[in-house]
Amino acid sequence: MRFDIMTLFPALVDGVLSESIIGRAAKAGIIDVHTYNIRDYSKDKHRRVDDTPYGGGKGMLMSPVPIYDCYTDVISPEKNPSSRRRVIYMSPQGAVLTQAKAKELSENYDNIILLCGHYEGVDQRIIDEIVDEEISIGDYVLTGGEIPACILVDAVSRLLPGVLSDAECYEKESFSDATLLEYPQYTRPYDFRGRTVPDVLLSGHHAKIEKWREEKALEKTKAIRPDLFARRK
């Protein structure tokens, strides 16, 4: 899977995605992450990429021209021969990223291009011209799209074969079932400040452990995310 990230702050993205499991996946060649500095495509002598919005209003808006020039470089055949491609604008106005969406992206595309906005966002015309969909990580506003882009890369990458040690690592966790959180988990020590590990987990009885986990997952979902629990059939 190839990720191409168009941003004003490539160092921010590179720093996050070079660490831990995602960093190891990149070193192993399972994913291929490329960042592009949109400023490098500005024709302004001061490398400006923004201007005041038509119609007035506070803040600055990213111009479509350097973004488009960056995009055409990203998809140039000599650099990027990918055919199953999806262009995503990380925007608070987009549909909220879910585990189901991450799974869809991991299974249907071999190249994801991410556009990170900044300031007051980007000129609508670049969205109309190159973007396939807008995705948000929640109903709130951040200063830029870089952190959301890193989150999407992480969410999609960990579903690719070889990134995690075993498919069970993601098949039985929160949101693998869209209406159910993961059951509580425990490790050593057995006794932590008077709180002990449930005895069933030490029983060695796999059927009982599985039943306990199912019950606790339901209890946890009902207590923490009643909105999800209410959607269960």
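For the structure itself, consult the block above.
Criteria and thresholds
- Residues numbered from 1 in each chain as written.
- Predicted model: local features only at pLDDT ≥ 70, side-chain atom pairs only at ≥ 80, totals over all residues.
- Heavy atoms only, no water.
- Pairing = 2+ DSSP bridges.
- Helix = DSSP H or I, 4+ residues; strand = E, 2+ residues; numbered from the N terminus.
- Axes fitted to C-alpha atoms, helices over the stretch in contact; angles between N-to-C directions.
- Salt bridge = Lys/Arg side-chain N within 4 Å of Asp/Glu carboxyl O.
- Buried < 20%, exposed > 50% of the residue type's maximum accessible area, 1.4 Å probe, protein only.

K.L.:
Explain the sheet that holds strand S7 (residues 133-136) to me, please; I cannot follow it from the model alone.
P.N.:
Strands in a sheet are paired, the pairing made by backbone hydrogen bonds, and the direction either parallel or antiparallel. Strand order in the open sheet made by the five strands is S2-S1-S6-S5-S7, with parallel pairing throughout. The two strands at the open ends of the sheet, each matched to only one other strand, are strand S2 (32-37) and S7. Sheet twist, expressed as the mean angle between neighbouring strand axes with direction ignored, is 30°. Both strand S1 (residues 2-7) and S2 contribute to a ladder of six bridges, which runs parallel. The residue of S2 that forms the bridge with Phe3 is Val33.

K.L.:
Can you walk me through the pattern of salt bridges in this structure?
P.N.:
Proximity of charged atoms lets side chains of opposite charge pair with each other. A full pass over the atoms with the stated rule returns 13 salt bridges. Taking the shortest distance from any N to any O, the salt bridge between Arg47 and Asp40 comes out at 2.5 Å. Between Arg225 and Asp227 there is a salt bridge, and its shortest N-O distance comes to 2.8 Å. According to the relative accessible area criterion, Arg225 is partly exposed, its value standing at 29%. Within this structure, Arg86, Lys101, Glu104 and Glu133 form a network of salt bridges that share partners.

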